[in-house]
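Next come the chains, spelled out residue by residue.
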Amino acid sequence: QVQLVESGGGLVQAGGSLRLSCAASGRFFSSYVMAWFRQAPGKEREFVAGINRSGGGTSYADSVKGRVTISRDNAKNTVYLQMNSLKPEDTAVYYCAAANKYAIIKLTTVYNYWGQGTQVTVSS
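This text gives an overview of the structure that appears in the document. (Residues numbered from 1 in each chain as written. Predicted model: local features only at pLDDT ≥ 70, side-chain atom pairs only at ≥ 80, totals over all residues. Heavy atoms only, no water.)

Here we have 4 strands laid out as an open sheet, ordered E1-E3-E8-E7, and antiparallel in their pairing. Unpaired on one side and paired on the other, strand E1 (3-7) and strand E7 (68-73) mark the two borders of the sheet. Taken over all neighbouring pairs, the strand axes of this sheet differ in orientation by 15° on average, direction set aside. In terms of strand pairing, strand E3 (residues 18-25) meets strand E8 (residues 78-83) through 6 bridges, oriented antiparallel. Within the sheet, the bridge partner assigned to Leu-18 lies in E8 and is Met-83. (Pairing = 2+ DSSP bridges. Helix = DSSP H or I, 4+ residues; strand = E, 2+ residues; numbered from the N terminus. Axes fitted to C-alpha atoms, helices over the stretch in contact; angles between N-to-C directions.)

Structure (structure tokens):
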């Protein structure tokens with residue numbers, strides 16, 4: 001069993017930055033592919049970024065590529081999402097998720113564990 005707790009969300013002006021964190025409890029954190037998803041009001045939950053078990057491989061949605069960096073610290077059981085040059089369309093609830101897989105997959109259905117979400121609001 002893995003429990004995920006996100007933090008770091010908030011209100012920021014367009015062009016600003018935020019760093020989200022996701023702390024995991026439980027064992028074998030390094031055995032999970034980790035990802036960030038987001039969900040805006042009235043929209044489906046979408047993949048933002050993912051990172052493989054070792055942290056050596058990452059994947060990003062086209063909409064955030066070049067502005068967002070995902071990283072993980074397996075010693076601290078934590079995954080991060082550094083977001084720069086934020087846009088109003090980045091406004092959403094951001095969720096951390098864990099999957100007992102080897103590869104980064106962009107589908108919500110393969111992720112076994114989810115955090116409660118953290119709100120990110122970008123004002124224009």
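As a further point, take the packing of aromatic side chains. In total, this model carries 6 aromatic pairs according to the counting rule given. Summarising the aromatic geometry, the rings of Phe-37 and Tyr-111 are spaced 5.2 Å apart at their centres and angled 75° between planes, so their arrangement reads as edge-to-face. With Phe-37 in strand E4 (residues 33-39) and Tyr-111 in the loop between strand E9 (92-99) and strand E10 (113-114), this pair connects stretches of sequence that are 74 residues apart. Phe-37 sits in the buried class, given a relative accessible area of 0%. Among the aromatic residues, those joined into a ring-pair cluster are Phe-37, Phe-47, Tyr-95, Tyr-111 and Trp-114. The ring of Tyr-80 has Arg-19 lying over it, and the distance from NZ or CZ to the ring centre is 4.0 Å. A cation over a ring is seen here: Arg-72 above Phe-29, with NZ or CZ 4.6 Å from the ring centre. (Phe/Tyr/Trp six-rings, centres within 6.5 Å; stacked < 30°, edge-to-face > 60°. Buried < 20%, exposed > 50% of the residue type's maximum accessible area, 1.4 Å probe, protein only. Lys NZ or Arg CZ within 6 Å of the ring centre and 35° of its normal.)

Across all of its chains, the model carries 4 salt bridges by this definition. We note a salt bridge from Arg-38 to Glu-46, for which the minimum N-O separation is 2.6 Å. When salt bridges with common partners are traced through the structure, they connect Arg-38, Glu-46, Arg-67 and Asp-90 into a single cluster. (Salt bridge = Lys/Arg side-chain N within 4 Å of Asp/Glu carboxyl O.)

The next subject is unusual backbone geometry. For residues besides glycine, phi is generally negative; the peptide bonds are generally trans as well. If you check the backbone angles, Phe-28 has positive phi at about 65° while not being a glycine. Its location among the elements puts Phe-28 in the loop between E3 and E4. Overall, the relative accessible area of 55% leaves Phe-28 in the exposed class. The residue Ser-85 is not glycine, and still its phi comes out positive at about 50°. Residue position: Ser-85 is located in the loop between E8 and E9. Since its relative accessible area comes to 40%, Ser-85 is described here as partly exposed.

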